[in-house]
Structures are given as structure tokens and as C-alpha cells.
Amino acid sequence: MNAAIIFGLLIALMLTGMPISIALGLSVLTFLFTMTTVPIEAVALKLFTGIENFEIMAIPFFILSGNFLTHGGVARRMINFATSMVGHWHGGLGLAGVMACALFAAISGSSPATVVAIGSIILPAMVAQGFPKRFGAGVITTSGALGILIPPSIVMVMYSVATSGAVVTGPDGQRVSSASISTLFVAGVIPGLMLAALLGLTTWYRARKFGYPRMLKATWRERWVAFRKSVWGLLLIMLVLGGIYTGAFTPTEAAAVSAVYAFVIALFVYRDLTWRDVPRVLLDSANMSAMLLYIITNAVLFSFLMTSEQIPQAMASWITGAGLNWVVFLLIVNLLLLLAGNVMEPSSIVLIMAPILFPIAAKLGIDPVHFGILIVVNMEVGMCHPPVGLNLYVASGITRMGITELTIAVWPWLLTMLIFLVVVTYVPAISLWLPRMLGMM
């Protein structure tokens, strides 16, 4: 009954057009002050302690790093390197776009940043070379979603933070801890590369089928020159991921290192960023960070209410009592998350749904790392379909195409992502093999 009241109030407030972060906070406060005796001091304390988490600091640093890279010419050099490697294949520029998105995703952690950085450069080039605008838009919109699957990923940080306070027990009654950020980053490598390969295969097949243009094969000297020019950006991948995996620094420290490194190479090495641009980049990063931290604060309060009312535990008991196994549960989770993706953006979905679904998954024996990757892949799909797919709106601004036209453009790649989602859901080894091999689990 309490769950129905809470979610009913949340949905009612969201239907008014109210921002999700405010709707979350109002739902919690209304329920607490009308149906419980929780003192207001406890609510105020929870608001502050909710973001008093060292790992949350990674989010503004990764955002800042991505903004420096977006404005600093790194994307253009990565596109040139990718084009030199695969441009002579069918749909060469499209394949270069997929490859460049995968490379940029490995240093930015954000899907919208990847779409803007790569799409704003490669889309005009594809149109000029004779590709239909729809084809280019479909490639970049969906490949940009790799930004939240290939580590480092802001959404993975949010999942780890959202589930860190959950009290959960496994099928044997023992306590199950949430997945660490570094383990999630490692787990995202193979799924990220697999999805990039599948999106590239879809791009190649459609380009070959419709006879889209190819580029002249680059010489090894041209490839070396392109690699040498892009090496400073590529080194950031090794610096961040290598530092985390070797234990040199934590994911939060890695985010800070990446922000400083991105600032240095954008301003002093590539010199595409001037001192005059720095305040604007800092302000944009601060605005986005403040928005996400505000959502996190209210989502933590919502999670606190869920836990205090024992709602996740009650749902877990009901599902296990009904005899549903992990196969059926994961199917329900996928449908629920895809449905939520129709009306909410990824950070809100993760912060609301993860604390509720995670205890149930643990009760059914589903690994927290596998469950986290499954949620991230769902968020990728949600970013590419209407009505609130964030990548669609970003791509719409770049391509000057309407959302309906973009939706038609992305469907072949979106279908590929849905097939991949099914595979990742029911083959846990894809997510778990690398962390286990490295002794992180």
C-alpha cells in the first residue's frame, strides 16, 4: 500500500512536467511528513550525507575532463586516426565514426559528449562525401551511446553509489555487497567492444547493401602520422584505465587525473583551447555537475524512504514466493527499464530503480556486476529511442533533423542494440569473465 502511494505520487508529479529531481524530493517529503513520524532533522541530515561520498566526486571530474576533450581538438584527431584505419572499407566514414565514438567513449564517460564531439565533425564530412544524412545520423546517435558502457562511465559510478547503501542478502542468506566502480569499469570493457563491433558490422552491411562510398586506402605512413597526432588523447585511455586496474589510484583519483591531463593537452599540447575558453568550459561543467548532484541527492532520499518502508525487501519476498526464477526476473527488469527509458533520462532511472531492483537480484543469486552492466546496456538503448532519448535530441541539434525522422534513421542500429541486450542479459560470462580473470571478484 505504501509503495503504491509513493510511486503514485511520484508519477502524478512527473506528469505535471515537473523536473524529476524535484518530483523525487517532493514525493519523499510529502510521504514522510503526512504518513510517518520521521523528524525533519533526519531528512536534512540525509540530504547532506547522501552526497557525502568520496566516489561521487568522480562524476564532476569526468564531466570536466570530457568537456576539455570536446573543446580541445582531441575528437578531430581521433576521427582522422580511425578514418586512416577503416576508411577504405564499405561505408568507411561511418565505420570511422563508430571507431572514433568507441575511442572517445574510453576517455569521456558521457554519451551526449561523445555524440557532440564526434558527430559535429564527422556528420558534415559524411554528407559531403555522398552518404545520406539519415545513415550518418543513425551511426552517430547509436555509437555515441558507447560513452556509458565503455569505461570510464558516469552511469556506472551512479549505479555503484546508488546500490552501496542497500542491505541485501543472497539466496544462501549471506550479505551481498554492491559492485565497486573499478570492477564495473573492468566488466564494461568486453561488452563495450562487442557492441562497438556489432554496430560497426551493421554499418558495414548497410553501406555494402546500398553501395555507399568508400575512401582510398591510407598508406602505413599516413596511418602512423594520424596515430602520432592522436596519441596524446589515446594515452589518456591507458593512463585512466591502466591506473585503476594496476591499483595506482582509485576511480575518483583517476577522474581528477584525467581532468588535469585533458586540460594540459587541450591548452598546451594541441592548443585548440585558449585561456579565454577555459571559464566557459568550467561553467558548463559546473552546471551539468550541479544538475546531476541535485538528482543524486533527491534519489538518495528516495532510496532512504524505500529502505525504511522495507519496499525492496517486500518485493523480493513476493517474487521469490511466487516462484519466479532469475530468467523471468531479468526479462521483467529489461521490460521495466526500457519502459522507464520512454519517460526518464538514464541517471534518474539508475538512481531510482537500482536500489529497488538490486536486493531482488541479489536474492535470486544474480551477480551485482552482471546486473550493473545489464542496467547500463538498457540505459544505452533508452538514450536512442523516443520520446526522451537524450542522444536523439543531441543528434537532432547537430543534424537539424526532427525526432521522428531520427527515430526512423536509427532503427537498424537500435535493433542491433536490443539483440545485444538479450545476449548480455542471459550470458553473464560476457560481463564477468574479465574481472574474474584479473582476480577482482
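The structure displayed is predicted, hence computed values, not measured ones.

Q: Mind laying out the overall build of the protein chain, listing which residues take part and the relevant values?
A: The secondary structure content of the protein chain amounts to 21 helices and zero strands. On C-alpha atoms alone, the protein chain measures out to a radius of gyration of 22 Å, which is about the 22 Å that the 2.2 N^0.38 rule sets for 441 residues. Along the first, second and third principal axes, the C-alpha atoms of the protein chain reach 70 × 45 × 45 Å. Considering the protein chain as a whole, with its 441 residues, one finds that 55% of them fall into the buried category. When contacts within the protein chain are restricted to residue pairs at least 6 apart in sequence, long-range pairs at least 24 apart make up 79% of them. When the accessible surface of the protein chain is summed, it comes to about 18300 Å², and 69% of that surface belongs to carbon and sulfur atoms. The positive charge centre, built from 21 side chains, and the negative charge centre, built from 14, are 19 Å apart in the protein chain.

Q: Residue-level account of the packing of aromatic side chains, with values.
A: What characterises a pair of aromatic rings is the spacing of the ring centres plus the angle enclosed by the ring planes. Going through the model one piece at a time under the given rule, you end up with 14 aromatic pairs. Taken together, a centroid distance of 4.8 Å and an interplanar angle of 65° make the contact between F135 and Y212 edge-to-face. Here the residue F135 occupies a position in helix α8 (residues 133-143), and Y212 occupies one in the loop between α11 (189-210) and α12 (220-245), the gap between them amounting to 77 residues. Grouping residues by exposure puts F135 and Y212 together as buried.

Q: Kindly report on a nonpolar patch on the surface, identifying the contributing residues and their values.
A: A contiguous nonpolar surface patch, about 790 Å² in accessible area, is contributed by W232, L235, M238, V260, V264, F268, V269 and W275. At the level of elements, α12 and α13 (251-269) are the ones that each hand at least two residues to the nonpolar patch. With four residues, the top contributor of residues to the nonpolar patch is α13. Relative to the assigned elements, V269 resides in helix α13. For V269, a relative accessible area of 34% gives the class partly exposed.

Q: How would you explain the confidence of the model for the protein chain if you had to name every residue and give the values?
A: The predicted structure's coordinates, where accompanied by low pLDDT, should not be read in detail. Residues with a pLDDT of 70 or more make up 94% of the protein chain, whose mean pLDDT is 83. Per-element averaging of pLDDT across the protein chain places helix α15 (residues 311-321) at the bottom with 69 and α11 at the top with 93.

Q: With reference to specific residues and values, describe the nonpolar core.
A: If you look at the biggest cluster of nonpolar residues, it comprises 148 residues, and the most contacted ones within it are I118, Y159, F302, F329 and F371. Looking at this core element by element, the count peaks at twelve residues for helix α6 (residues 92-108). Apart from residues lying up to four places away in sequence, Y159 is in contact with A179, L184, V350, A354, F358, P368, F371, G372 and I375.

Q: Mind laying out the environment of T37, listing which residues take part and the relevant values?
A: With respect to the element layout, T37 can be found in the loop between α2 (20-35) and α3 (40-50). Between the alpha carbons of T37 and A254 there is a distance of 42 Å; along the sequence they are 217 residues apart.

Q: So, the environment of M353: which residues are in play, and what are the values?
A: As for its position among the elements, M353 is in helix α17 (residues 346-363). Remark: the alpha-carbon pair of M353 and G233, spanning 120 residues in sequence, is separated by 35 Å.

Q: So what's going on with α12? Which residues, and what values?
A: Between its first and last C-alpha atoms α12 spans 32 Å; for 26 residues at 1.5 Å apiece the expected length is 38 Å, and the helix comes up short by more than 12%. Of all bends in α12, the biggest is about 60°, found at V231. Residues of α12 that are buried include every one of R223, A226, S230, G233, L234, L236, I237, V240, L241, G243 and I244, and no others. Against the buried residues of α12 lie α4 (58-71), α5 (74-86), α6, α10 (181-187) and α13. Following α12 by one or two positions, G247 adopts a phi angle in the positive range, close to 85°.

Q: An account of the pattern of salt bridges is requested, with residue identities and associated values reported.
A: Within this structure, the stated rule accounts for four salt bridges. The partner of D272 in a salt bridge is R76, with the nearest N and O atoms 3.6 Å apart. Of the two residues, D272 is situated in the loop between α13 and α14 (278-308) and R76 in helix α5; the sequence distance between them amounts to 196 residues. What you see here is one network of salt bridges that share partners, running through R76, R77 and D272.

Q: How would you explain unusual backbone geometry if you had to name every residue and give the values?
A: A cis amide bond, omega 0°, links P151 with the succeeding residue P152. Here P152 lies in the loop between α8 and α9 (154-164). Unlike most non-glycine residues, R271 shows phi in positive territory, near 60°. With respect to the helices, strands and loops of the structure, R271 is situated in the loop between α13 and α14. Taking the relative accessible area as the measure of exposure, R271 reaches 65% and is therefore exposed.

Here is what the cut-offs are and how they apply
- Residues numbered from 1 in each chain as written.
- Predicted model: local features only at pLDDT ≥ 70, side-chain atom pairs only at ≥ 80, totals over all residues.
- Heavy atoms only, no water.
- Helix = DSSP H or I, 4+ residues; strand = E, 2+ residues; numbered from the N terminus.
- Rg over C-alpha atoms; globule rule 2.2 N^0.38 Å.
- Buried < 20%, exposed > 50% of the residue type's maximum accessible area, 1.4 Å probe, protein only.
- Contact = heavy atoms within 4.5 Å.
- Areas by Shrake-Rupley, 256 points an atom, 1.4 Å probe, with all protein chains shown as cover.
- Lys, Arg positive; Asp, Glu negative; His and termini not counted.
- Charge placed at Lys NZ, Arg CZ, Asp CG, Glu CD.
- Phe/Tyr/Trp six-rings, centres within 6.5 Å; stacked < 30°, edge-to-face > 60°.
- Patch = residues over 30% accessible without salt bridge, like charges linked within 9 Å, V, L, I, M, F, W, Y side chains within 5 Å.
- Salt bridge = Lys/Arg side-chain N within 4 Å of Asp/Glu carboxyl O.
- pLDDT = per-residue confidence, 0-100.
- Core = buried A, V, L, I, M, F, W, Y, C linked by side-chain atoms within 4.5 Å.
- Expected span 1.5 Å × (residues − 1).
- Bend = angle between axes of the 7 residues up to and from the residue.

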